[in-house]
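# Survey of secondary and tertiary structure
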2 protein chains.
Amino acid sequence: MISFEKALEIITNVAYPFDNEEISIEYCLGRVLATDVFTDRDYPPFNRASMDGFAIKFDDFQQTIRDYKIIETIYAGQKSEFELKSGECYKIMTGAAVPLFANMIIRVEDSQEIAPNFVKLASENPKINQNIAQKGEDKKAKTHILSKGTVINQAVLATLAVVGKALVWVYKSPTLAIVSTGNELRKVSETVNDVQIRESNSYLIRAAFENYKITPNLLLHSLDNEAELTQNLFQALKHNIVVISGGVSAGDADFVPQILQNLGVKMLFHKVQIKPGKPIWFGIGSSNTIVFALPGNPLSVQVATKIFIAHFLQKCLSIAKPLFIEVPILEDRIKKNTLDEFLPCVLEFGEKTGVISKKFNGSGDISATIDTDGFYLHPKDKQILKSGDLVQFYKW
Amino acid sequence: MISFEKALEIITNVAYPFDNEEISIEYCLGRVLATDVFTDRDYPPFNRASMDGFAIKFDDFQQTIRDYKIIETIYAGQKSEFELKSGECYKIMTGAAVPLFANMIIRVEDSQEIAPNFVKLASENPKINQNIAQKGEDKKAKTHILSKGTVINQAVLATLAVVGKALVWVYKSPTLAIVSTGNELRKVSETVNDVQIRESNSYLIRAAFENYKITPNLLLHSLDNEAELTQNLFQALKHNIVVISGGVSAGDADFVPQILQNLGVKMLFHKVQIKPGKPIWFGIGSSNTIVFALPGNPLSVQVATKIFIAHFLQKCLSIAKPLFIEVPILEDRIKKNTLDEFLPCVLEFGEKTGVISKKFNGSGDISATIDTDGFYLHPKDKQILKSGDLVQFYKW
């Protein structure tokens, strides 16, 4: 049995950068950038009017000229056709390009029409370039703006659009097989007798991968039967990642570790000093197939998908942001074991921010994690946690 | 110009429950439950072995019997066929149904084989029902477990599977049209000249709806031209929700409010005392079409989609959880206006949890919200915020 830290280290060591693919910007929300991104030109790309108003020469205003002739109205997207001379102004709309002849905009609110095409302009505290966002003042051309490993959220997506990335290099999703095992399990659509339950782990595993926009290519259920398991795992091992639930403990029907090894998967660890999830088995197949074999109880699956599988995916996707944040706990807690223990909890905000574990009825309780925000780690070397101590909180 | 609170109230008043639809559990991650959900049977549905071990009669152990004859091995999913008599035991696997004849399980670690099919059992602190999760101890049949308005995350999804919901009643997504406007805007795939920029607001709006698994049915871009805008908005108004960006201010090319009213959309408000996003226009069309017309700058769009559009959607979807949390700010701030001001910020955790606003170069800065977690509200009636004051934080 190895430590949690050692397990993470082993997983990190076999993580590899996923392939890249160039996809349409229309489909890249939630995917992860596989390259750095640079500005294609200055931003703003032109001197941009930030107000509706009148664009004039600052020198004119300094020389106390107040009445101006409107020589052109410039809308956003429109190129000016006229050179501005002293005593003249452009009427200009927000977002329009201010011709280089002008270097000051007076808001429409501070103007007064004195005759057709003539305005009187006022400004309490006139400044050169006022109400003009200067070309390049936000970002110069070829400036680094987005890093490889950035998850594409709304802001990143819009930035990619702004800089003209109609096609975006993202990490290609690995192929994924999910295999649930257990004679007691029936599909959700099937009837159950009084010793059977419905299979739910595959839904937990799929949801965990969905966070990274990875969808399974193969979903199988297998009875605890060596022939059937061998056949199913053989099929599963044709994929980049295989996640199995159940069959990894020491019970008489727990064939998974042995069959994986028979199929050429090299065991990298079996059993980790954690609760829940202790019997987890991890290995690597002949074509670099990564195999996570998780214990069958749903709480173990939820914890293991986050602490181990998401950890692996973040390494493969170059996501630097840690999976946990450090927050205070808002309770005292005494630990009765010598394992790293993960506790479903609520993250509270307000005057006091922190986590409070949720009571539940053992790891088989179907609703143990409903209404929780994630789980926190009660480390193995601390028997007692006091309210206010910092802990690692993992959000679902 | 109305207050932020008044705007929210008006939006709340026109929110309506979306239709319901029954969909396969395979597609319901991220959707919202439209009905309460109850357990179909007791959970656990049978007395479940929580350890691999030997199931015996507690009375036998109390009467100091230590050597037991194994009469049957019971695997998960298997029905027992034999009645247990005094001095006998079942060998049993985790997850298996414990026959009613037995009421105690001794772990395999505490057993010793003394002859073929005979074991010696030990238990330091024997208890009735030990290592047996009792039928119904987690939840009785017909117990309320999930509420209408619950967003289906991994835990909810798995719970739906457990209780046999192969089909799930969720809120049906409304139809959605998104119309960007502006002569200066080009599609991301098109070339831009030196007075044009690329359209990015539609990506921000789509991402905001994607949070609720709503995808647009119609995406249009319109020039600031009354005929073209009229035609595009006429098409858009055939949908349940219309979101427009640009063309709502007081510029000469800002035709959107007038055209919407020409097309029979009743204005419910125009301009709200907020920054950014002040010029927002909101109305309702003849077939109950909800119309949000947002200002064109990307920061306004990001704030307005959260504070107004997400607010509307949460009401329609019965999502009770508030859109913001209350957290301390970790900076002092003086406000220079009398508006409710929303500031892109980072949410920090650790010894001190709270928000810090991110400096950016005006609302046109393309990277203003990159690397931020959301925004906080500096309320209009507080000129000064001191470090430690609680503010409303909206996560992206």
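Residues numbered from 1 in each chain as written. Chains lettered and ligands numbered in written order. Predicted model: local features only at pLDDT ≥ 70, side-chain atom pairs only at ≥ 80, totals over all residues.

### Details of the overall build of chain A
Using the following cut-off: Secondary structure elements are taken from DSSP: a helix is a run of H or I of four residues or more, a strand is a run of E of two residues or more, and numbering for both begins at the N terminus. Working definition of burial: number of other C-beta atoms within 10 Å of the residue's own, with buried at 20 or more, exposed at 12 or fewer, and partly exposed in between, all C-beta atoms being placed from the backbone. In this description, a residue-residue contact is defined by the distance between C-beta atoms placed from the backbone, which must lie within 7 Å.
Summing up its helical and strand segments, chain A has 7 helices and 28 strands in all. Classification of the 396 residues of chain A by burial places 51% in the buried group. When contacts within chain A are restricted to residue pairs at least 6 apart in sequence, long-range pairs at least 24 apart make up 70% of them.

### Structural notes on the domain arrangement of chain A
Here is the rule we go by: A domain assignment, automatic or from a database, supplies the domain bounds used here.
According to the domain assignment, chain A consists of domain 1 (4-17 + 173-316), domain 2 (20-43 + 139-171), domain 3 (48-133) and domain 4 (325-395). Centre-to-centre, using C-alpha coordinates, domain 3 of chain A lies 61 Å away from domain 4 of chain A.

### Quick look at the nonpolar core
Our working definition: Throughout this description, the term nonpolar core refers to a group of buried Ala, Val, Leu, Ile, Met, Phe, Trp, Tyr and Cys residues whose C-beta atoms join them within 7 Å.
By size, the foremost hydrophobic cluster in this structure holds 230 residues, and its most contacted members are Phe 54 of chain A together with Phe 54 of chain B. Dropping the residues within four chain positions of it, Phe 54 of chain A is found in contact with Tyr 68, Cys 89, Tyr 90, Lys 91, Ile 92, Ile 105, Ile 106, Ser 111, Val 119 and Leu 121 of chain A.

### Section: the sheet that holds strand S21 (residues 290-294) of chain B
Residues and elements named next belong to chain B. Selection rule: If DSSP finds at least two bridges between two strands, the strands pair. The axes used here are C-alpha line fits, helices contributing only the stretch in contact, and every angle between their N-to-C directions lies in the interval 0 to 180 degrees.
A sheet is described by the order of its strands in space; here 6 strands give the open sequence S16-S13-S17-S21-S20-S18, paired in mixed fashion. With one partner strand each, in any of the chains shown, strand S16 (218-222) and strand S18 (266-270) form the two edges of the open sheet. Strand-to-strand twist across the sheet, computed as the mean angle between neighbouring axes with direction ignored, equals 15 degrees. Contacting S18, strand S20 (281-284) and S21, helix H1 (residues 4-14) crosses the sheet at an angle of about 150 degrees to S18. Helix H4 (residues 201-210) rests against strand S13 (176-181), S16 and strand S17 (241-245) of the sheet, and its axis sits at about 155 degrees to S13.

### Comments concerning helix H7 (residues 298-316) of chain B
Residues and elements named next belong to chain B. Basically, it comes down to this: Each residue after the first adds 1.5 Å to the expected span of a helix. Across the chain, bend at a residue is computed as the angle between axes fitted to the seven residues ending at that point and the seven starting from it.
The first and last C-alpha atoms of H7 sit 25 Å apart over 19 residues, in line with the 27 Å expected at 1.5 Å per residue. When the local axis directions of H7 are compared, the greatest deviation, roughly 40 degrees, occurs at Thr 305. Most of H7 sits inside the fold, with 15 of its 19 residues counted as buried. Following H7 by one or two positions, Ser 318 adopts a phi angle in the positive range, close to 60 degrees.

### Let's talk about the environment of Glu 228 of chain B
Of note, Glu 228 of chain B is situated in helix H5 (residues 226-236). Excluding residues within four positions of it along the chain, Glu 228 of chain B makes contact with Ser 222 and Leu 223 of chain B.

### Overview of the interface of chain B and chain A
This is how it is decided: Only Asp, Glu, Lys and Arg are considered charged, only Ala, Val, Leu, Ile, Met, Phe, Trp, Tyr, Cys and Pro nonpolar, and every remaining residue, Gly among them, polar.
The interface is formed by 78 residues belonging to chain B together with 78 residues belonging to chain A. Considering every element that reaches the side of chain B that touches chain A, the biggest residue donor is helix H3 (residues 154-162) of chain B, with 8 residues. Classifying every residue of the side of chain B that touches chain A by side-chain character gives 36 nonpolar, 26 polar and 16 charged.

### Observations concerning the relation of the copies chain B and chain A
Our working definition: C-alpha atoms of residues with pLDDT of at least 70 in both copies form the basis for the least-squares superposition of the copies.
If you rotate chain B by 180 degrees and push it 0.0 Å along the axis, it lands on chain A with an RMSD of 0.0 Å. Considering both components of the superposition, the chain copies are consistent with a two-fold axis. For chain B, the minimum C-alpha distance to the rotation axis belongs to Thr 353 of chain B and amounts to 3.3 Å.

### Comments concerning helix H3 (residues 154-162) of chain A
Burial of H3 of chain A is extensive: 9 of the 9 residues sit out of reach of the surface. Those residues of H3 of chain A that fall on the buried side of the exposure criterion are Gln 154, Ala 155, Val 156, Leu 157, Ala 158, Thr 159, Leu 160, Ala 161 and Val 162 of chain A. In this structure, the buried side of H3 of chain A is in contact with strand S2 (37-38), strand S11 (144-146) and strand S12 (167-171) of chain A together with strand S15 (197-198), H4 and H7 of chain B.

### Details of the sheet that holds strand S7 (residues 104-107) of chain B
Strand pairing within a sheet occurs via backbone hydrogen bonds; the two strands may be parallel or antiparallel. All names here are of chain B. Spatial ordering of the open sheet is given by S7-S4-S6-S5-S9-S8, a layout of 6 strands whose pairing is mixed. Across the chains shown, the open sheet's two edge strands, defined by having one partner strand only, are S7 and strand S8 (111-115). The mean inter-strand angle of the sheet, taken between neighbouring strand axes irrespective of direction, is 40 degrees. Two elements, strand S5 (residues 67-74) and strand S6 (residues 88-92), share 5 bridges in a ladder whose sense is parallel. Looking at the pairing, Ile 70 lines up with Cys 89 of S6.

### What about the packing of H3 of chain A against H4 of chain B?
The cut-off we apply is this: Here the word oblique covers every angle except those under 35 degrees (roughly parallel), over 145 (roughly antiparallel) and from 65 to 115 (roughly perpendicular). What makes a crossing left-handed is the near helix being turned counterclockwise from the far one by less than a right angle; a clockwise turn instead makes it right-handed.
Interhelical geometry of H3 of chain A versus H4 of chain B gives an angle of 155 degrees and a closest axis separation of 8 Å. Comparing their axes, H4 of chain B and H3 of chain A come out roughly antiparallel. For the pair H3 of chain A and H4 of chain B, the sense of crossing is right-handed. Along its contact with H3 of chain A, which presents Gln 154, Leu 157, Ala 158 and Ala 161 of chain A, the element H4 of chain B presents Tyr 203, Leu 204, Ala 207 and Ala 208 of chain B. A breakdown of the residues in the contact of H3 of chain A with H4 of chain B according to their chemical character gives 7 nonpolar, 1 polar and no charged.

### With respect to unusual backbone geometry
Leave glycine aside and you will find that most residues have negative phi; peptide bonds, for their part, are mostly trans. A cis amide bond links Lys 275 of chain A with the next residue in sequence, Pro 276 of chain A, at an omega value of -5 degrees. Mapped onto the elements, Pro 276 of chain A comes out in the loop between strand S19 (274-275) and strand S20 (281-284). The omega angle of the peptide bond from Tyr 43 of chain B to Pro 44 of chain B is -10 degrees, so this bond is cis rather than trans. Locating Pro 44 of chain B in the fold gives a position in the loop between strand S2 (37-38) and strand S3 (48-49). With a phi close to 65 degrees, Thr 64 of chain B is a non-glycine residue in the positive phi region. Residue class for Thr 64 of chain B comes out exposed when judged on the 6 C-beta atoms lying within 10 Å of it.

### As for the confidence of the model for chain A
For any part of a model where pLDDT is low, the fine detail of the predicted coordinates should not be relied upon. Let me state the cut-off plainly: Residue-level confidence of the predictor is what pLDDT reports, using numbers from 0 through 100.
Averaged over all residues, the pLDDT of chain A equals 96, while 100% of them reach at least 70. On the interface metric, ipTM, the complex scores 0.95, and its pTM is 0.96.

### Digging into the environment of Val 355 of chain B
Tracing the backbone through its elements, the reader meets Val 355 of chain B in strand S25 (residues 354-357). For Val 355 of chain B, a count of 25 C-beta atoms within 10 Å puts it in the buried group.

### What to know about the pairing of strand S8 (residues 111-115) of chain A
Bridge count for S8 of chain A against strand S9 (residues 118-121) of chain A is 4 bridges, and the pairing is antiparallel. The residue of S9 of chain A that forms the bridge with Ala 115 of chain A is Phe 118 of chain A.

### Notes on the packing of H4 of chain B against H7 of chain B
Residues and elements named next belong to chain B. Relative orientation of the contacting elements H4 and H7 amounts to 25 degrees, with a least axis distance of 10 Å. On the basis of their axis angle, the class for H4 and H7 is roughly parallel. You can see that H4 and H7 cross each other, and the crossing is right-handed. Counting all contacts with H4, which are made through Asn 201, Leu 204, Ile 205 and Ala 208, the residues of H7 involved are Pro 298, Val 301, Gln 302, Thr 305, Lys 306, Ile 309 and Ala 310. Taken together, the residues that form the contact of H4 with H7 break down as 7 nonpolar, 3 polar and 1 charged.

### Some details on the environment of Lys 382 of chain A
Residue and element names in this part refer to chain A. Secondary-structure assignment places Lys 382 in the loop between strand S26 (374-378) and strand S27 (384-385). Classification of Lys 382 as partly exposed rests on a count of 15 C-beta atoms within 10 Å. Separated by 158 residues in sequence, Lys 382 and Asp 224 have C-alpha atoms that sit 38 Å apart.

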